[in-house]
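Here is how the chains run, residue by residue.
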Amino acid sequence: MQEGTDSVTVWIVYALLGIGFTYSYPTSAFDDLRNERSETTVTYIYDRIDEVNKACQFVLSSASELKAEDDRIYSMKKELFFVNGDWRQEVGKDPIMPFDDREVQSEYLGNRTPLNLASFWLVDIDRAHRSKKSLSVSGFMVMGITIDGSFMDYGYQGTPEFQMWRSHSQMTISFQGIYTESKKNGGERVMCLLGSTMLPSREPDSANPWEWLKASDSSNQPPLSQDDQILLVLHFPVTFNLTSRAIRGELRSLNPKSNSKYFDEVHILSQLGKSAMYEFGSEKIVSRACDPYPYDDSLVYGGISNYKGHTICEILKEVAWDQAFTVVPNWRCNGTDEFCSNLGPFVTDKEIKESDGSFKGVKLYMQEITCEQKTSGGNASSARVSAVFRAVSPMENLYTAAKRSGLNNMTVAAEGIWKSTSGQLCMVGCLGLVDVEGSRCNTRVCLYVPTSFSIKQRSILYGSFSSINNTGSSYFPLLFEKLVQPSELWNYFRVSGPNYKYTKISSAAVVLEKNEPFSVGTVIKKSLLSFPKLEDTEAFELSLSVLSEDLTLHVSAFPDPIPKLQPPKVDIQMEILSVGPLFGRYWSPQNGSTAQEETPYHTKSEYTEKQLLLNVSAQLTITGKAYSNLSVLYLEGLYDPHVGKMYLVGCRDVRASWKILYESMDLEAGLDCLVEMVVSYPPTTSRWLVNPAARISIASQRTEDDPLYFSTVKLQTLPIMYRKQREDILSRRGIEGILRVLTLSLAICGILSQLFYIRYNVDSVPYMSLVMLGIQAIGYSIPLVTGAEALFKKLATETYETSTYGLDDSQWFHILDYTVKLLLMASLLLTLRLCQKVWKSRIRLLTQTPLEPHRVPNDKRVLMTTSAIHLIGYVMVLVVHSMRAGQRSIRTKSYKIAREDSRGLWEWETELEEYVGLVQDFFLLPQMIGNLVWQIDCKPLRKLYFIGITLVRLFPHIYDYVRAPSLNPYFAEEYEFVNPSLDFYSKFGDIAIPITAILLAVVVYVQQRWNYETLSKMLTFGQCRLLPLGSRMYKRLPSSSKAFEAELVSGVNGNAGQENDNENDDVE
């Protein structure tokens, strides 16, 4: 069919676009896409011209003639489109598409409200079929219902034109039709299009048209039927201004109502965007709200300085572009419940009304900002500003809501003026759809960009909605704000420097006195440890800025103390706004003179006697369900750099009903400032011995019967890192590298001493356990093969010792790593040499007594016994750990090593790797078993060897016990082969494993000190004999020491010349 060919053609274009429905590209991105599309050789077929003219006769009848040479034709593709507009269908019996809402109430989606969104693109203009009143055009529209907003990257490369899954439905319709212009409604650009798509089939029962939806799986597509009788009419305004910006559309079926493909009419609503040129000229309507200018705004915070510079347009776009504003509760309202619960001029939904004036979770977006600034006489300047304010319900997806373009009762289109003489942006606001007269323009919008801040004023932009209706307002003036971030201060205020006014220092001093009593521990702490402080060698402002960065916290945290059950994840964002006189960060010499830059702070007179405490202000954001009442805290207080503690007074954003807020007479600017907070920072020195985590304590100063009271919150963060902590990391990693070198050197010394020892004690060589030597060889091989750290286990958390700091490129570390690898190779080769000597010594004994092979020591029983013991031990560890993990309610499947550079390991694999380390720690176990099996009466191991290797294996446990652990309850598998929260390298393991290893060394020493018969007699108590009677099975066979040693050294297997029965004395 021709229609099918047209549909496929449009699908090809659609695939080339590669764009999604709800993803709103910037205008430049759309331009790039259109330019790329225009370069393609896709041919559009216009085979339905007669059908279009017939169906669109009502449009052509009112169309005006097109100008012969109209330059707008060349820009139509860039202007006649919209993204994420709203659509609604008239209530009837024939819906256009189904929607699977079975997961609407899921925890992941958060009970969000489904959104009906539609986007349209014009893809081709056919100038060959041009008439006096029309042009032939092609386009396509994507419309759907979604909750998660994930429309992009689906179904654009040959997939069906209708797709659905749970919480999401979307339909793509290809169109061809005509473009006309009309003088109605002040001038319109109208497109009348015929479309083709695949419609989902409805059931005959109109009460339940989507019966098949209940039984279908989310992965199955519904039954579809092709429909090419779809009419779309779009009305674009010719002029883009305050009262003329709406794009209206109607989508209806041309099929008879009896046809199963018929659907009720769909209404589409959007607005012109950045691609259209906004025309300022609504001065008459603006004067309703802003004459006289400036408006006497009683809602302005007292004592606040506002921005009056020359870059207001740049600041507005940077502050407000795609940024969510916070709506302030109606804490000053004293009226009826309906009056105080209204969200300003917006017509609110059920969820917002239920907030009872607290507006919890309600956000406000400032969209489609257009700003024209001009300079007046002297240093004065002014600007004209246009924007659309969109209120967003807590039930909406914020990302999707920010990209919506539909006009409704939750949008206010505004236009107004700003003058540098007052710093006030005064605008008139029009709710929803606006007529030419502006009859719905009954709102005054005032915006300010403050340059002075305090604990009660933390907004980089704030404003209000108020009514200009002289007959009485139906709502209390609505306040909104955007909280400041330190990084924004430099971006927005390059010339006029902001300032901070401290008002709670005296209250913070009371918190300090209460939480810092004099103690001996405090004195020791001040004298031995160092904490973040002002650097003497740096300029004053730079030193303050560095300290501000060090005190900033962006890290996860958990309750302190750690509960038995797995704690819920908490994210801490603590921004330091000011330290001392510095507000924000020091980025440029503009913040101070050159002389100030070169002057260290300790030479400044104002700080020679006031270096003990520093004024600070901060902003704390806690993300977590359990801390919703403390989601945002504005902080101010004192920092003591000698103990690393911050004593703060907090003001929290209370989200209670307007009645509670109004009746709480002790609120300050609507904030609960009866909050105290103490932050303890880890020291900058000795981090490898002290847990580098910060501790936070937040308490309410209210009584427990107060509705604004909350229980004390204590949190401990994951390890944090200071700005100049690289040197400390280098120190710790360097220390561990040096310790690896020293311990491996000690191990090599022990192996060499054993090699020299057996030169003079040849008869005892066969009684060295090959299993013991094999375990050591494997232990030296693993780091060489896998690249794992030797002996000491490298800690790799989210925020601590990561390669992002470029430490892996340090030449010093490369030298250490190569040294460790060389020592590992040397240890492995020497151990293999020991294995060779033992193996050849046993071959030598076997050649001497070929008829009595049972008298030659054999490791078969030793291997079986050792394997059985370790297998039982490993199973017991798994069982015990599974029981402990079950008590902590940690699911096994989610218990994986959280490392970016390694694959995820299941719990049993992690335990197995850790148990390999335990087997190496107990390397003397096979030798002890062999001594019992072979009933030795010699000394196969030198004391320096087995005691030295034991110390080498135990030193990591001692180091791990002394060094403070870096706890991470969410990613407990922080170690490469050891896990401090599990069994082997826990505090208990760091004590139990060394004790067990020492006992093994003692047993081996006793076995070599006294022969088997002596020990058997010593361990006989009456009729009870702990060791069986001695056997002559493994009685040492005579050998020629000189000939045998020569054979061992040369590696030649031959007969010895003459046997010597005299045994050499032990060489110690």
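Residues numbered from 1 in each chain as written. Predicted model: local features only at pLDDT ≥ 70, side-chain atom pairs only at ≥ 80, totals over all residues. Heavy atoms only, no water.

Peer 1: I'm lost on the pairing of strand β23 (residues 614-623) in this one. Help?
Peer 2: Along any regular strand, the residues point their side chains to alternate faces of the sheet. Here β23 lies mainly inside the structure; seven of its 10 residues are buried. Strand direction decides the pairing type here: β23 and strand β24 (residues 632-640), joined by eight bridges, are antiparallel. Bridge assignment links leucine 620 to a residue of β24, and that residue is leucine 633. (Buried < 20%, exposed > 50% of the residue type's maximum accessible area, 1.4 Å probe, protein only. Helix = DSSP H or I, 4+ residues; strand = E, 2+ residues; numbered from the N terminus. Pairing = 2+ DSSP bridges.)

Peer 1: When you look at the side chain of serine 466 in this model, what are you seeing that I'm missing?
Peer 2: Within the element layout of this structure, serine 466 appears in strand β17 (residues 459-467). Discounting chain neighbours no more than four positions away, the residues touching serine 466 are Asn442, Thr443, Arg444, Tyr475 and Pro477. (Contact = heavy atoms within 4.5 Å.)

Peer 1: In this structure, what is going on with the nonpolar core? I would like to understand it.
Peer 2: As a rule of thumb, soluble globular proteins bury nonpolar side chains together. Counting 62 residues, the largest nonpolar core has Ile96, Phe120, Met143, Met191 and Leu251 as its most contacted members. Of all hydrophobic cores here, the second largest spans 55 residues; its members include Met772, Tyr780, Tyr945 and Val1004. (Core = buried A, V, L, I, M, F, W, Y, C linked by side-chain atoms within 4.5 Å.)

Peer 1: Any chance you could explain the state of the cysteines here in plain terms?
Peer 2: Should the sulfur atoms of two cysteines be covalently bonded, the bond is a disulfide. Considering all chains together, one arrives at six disulfides under this definition. Each sulfur of the disulfide joining cysteine 313 and cysteine 371 lies 1.9 Å from the other. In this structure the cystine formed by cysteine 313 and cysteine 371 twists about its S-S bond by roughly -65°; its chirality is therefore left-handed. Taken together, the positions of cysteine 313 in helix α8 (residues 312-320) and cysteine 371 in strand β11 (residues 363-375) put the pair 58 residues apart, joining distant regions of the chain. Like cysteine 371, cysteine 313 is buried. (Disulfide = S-S within 2.5 Å.)

Peer 1: Sorry, what's going on with the pattern of salt bridges here?
Peer 2: Side-chain pairs of opposite charge can arise where the charged atoms are in close proximity. Summed over all chains, the structure comprises 17 salt bridges. Its salt-bridge partner being aspartate 86, residue arginine 404 comes within 2.9 Å of it at the nearest N-O pair. Linking arginine 404 in the loop between α11 (398-403) and β13 (411-419) with aspartate 86 in strand β1 (residues 82-89), this pair joins segments that are 318 residues apart in sequence. Neither arginine 404 nor aspartate 86 differs from the other in exposure class; each is buried. Between lysine 504 and glutamate 668 there is a salt bridge, and its shortest N-O distance comes to 2.9 Å. With a gap of 164 residues between them, lysine 504 in the loop between β19 (499-500) and α13 (505-515) and glutamate 668 in the loop between α17 (658-663) and β26 (671-680) connect regions that are remote in the sequence. Residue lysine 504 is classed as buried on the basis of its relative accessible area of 12%. Within the structure, one salt-bridge network assembled from shared partners comprises Arg652, Asp666, Asp672, Arg702 and Asp706. (Salt bridge = Lys/Arg side-chain N within 4 Å of Asp/Glu carboxyl O.)

Scope: geometric values only; no functional claims are made or implied.
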